[in-house]
Amino acid sequence: MTRTTLLALASRVEAATGADRELDAHVARYSPHLVKFLGGVPDEPQHGCLHYTRSVDDVIMFLDGRDWSMAADCEGATATVQDNGPHHGHAATPALALTAAACRAIAGSLTDAN
């Protein structure tokens, strides 16, 4: 799990136009709960993962207790996740914006050597 990988994933999430199970599987690989349970990042994306790109409730599980805020209008959504400073996401839907911001927040605590 590296900073660069998560930042690239955040950009992919922001570019999505709606729910995407492939992106959900990639995000699941970096879920703090999954990593703690398995003791590391799994080799393969997990089947049956949460619907991060569709459900704000599922994204909240990914936030692992971090503070967050979100706003949406007819042009899309913006989200902020606090973790040693604000990390932002801008996307077509609230779930996508919050997922992107969460990826950036987690990336902020990593280096490319992690």
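As shown above, the structure is provided for reference.
Described below are features of the structure shown in this document. Predicted, not measured: the structure shown is a model, and the values here were computed from it.

## As for the nonpolar core
One recurring pattern in soluble globular proteins is that nonpolar side chains are buried together. By size, the foremost hydrophobic cluster in this structure holds 31 residues, and its most contacted members are Leu6, Leu9, Val13, Val27, Phe62 and Cys103. At the level of elements, α1 (3–15), α2 (21–28), α4 (56–62), β2 (76–82) and α5 (94–108) are the ones that each hand at least two residues to this core. When residues of this core are assigned to their parent elements, the largest contribution, eleven residues, is made by α5.

## Considering α1
With 13 residues, α1 extends 19 Å between its outermost C-alpha atoms, agreeing within 8% with the 18 Å of an ideal straight helix rising 1.5 Å per residue. For α1, the complete set of buried residues consists of Leu6, Leu9, Ala10, Val13 and Glu14. Each buried residue of α1 sits inside an arc of 140° when the element is viewed along its axis, so together they form one side. Those residues of α1 that are buried lie in contact with α2, β3 (86–91) and α5.

## Describing the packing of aromatic side chains
Summed over all chains, the structure comprises one aromatic pair. Look at Tyr52 and Phe62: their rings are 5.4 Å apart centre to centre, the planes differ by 55°, and that puts the pair in the tilted class. One end of the pair, Tyr52, is in the loop between α3 (32–38) and α4; the other, Phe62, is in helix α4, with ten residues separating them in the sequence. We classify Phe62 as buried; its relative accessible area is 1%.

Parameters at a glance
- Residues numbered from 1 in each chain as written.
- Predicted model: local features only at pLDDT ≥ 70, side-chain atom pairs only at ≥ 80, totals over all residues.
- Heavy atoms only, no water.
- Core = buried A, V, L, I, M, F, W, Y, C linked by side-chain atoms within 4.5 Å.
- Buried < 20%, exposed > 50% of the residue type's maximum accessible area, 1.4 Å probe, protein only.
- Helix = DSSP H or I, 4+ residues; strand = E, 2+ residues; numbered from the N terminus.
- Expected span 1.5 Å × (residues − 1).
- Arc of directions from axis to C-beta.
- Contact = heavy atoms within 4.5 Å.
- Phe/Tyr/Trp six-rings, centres within 6.5 Å; stacked < 30°, edge-to-face > 60°.

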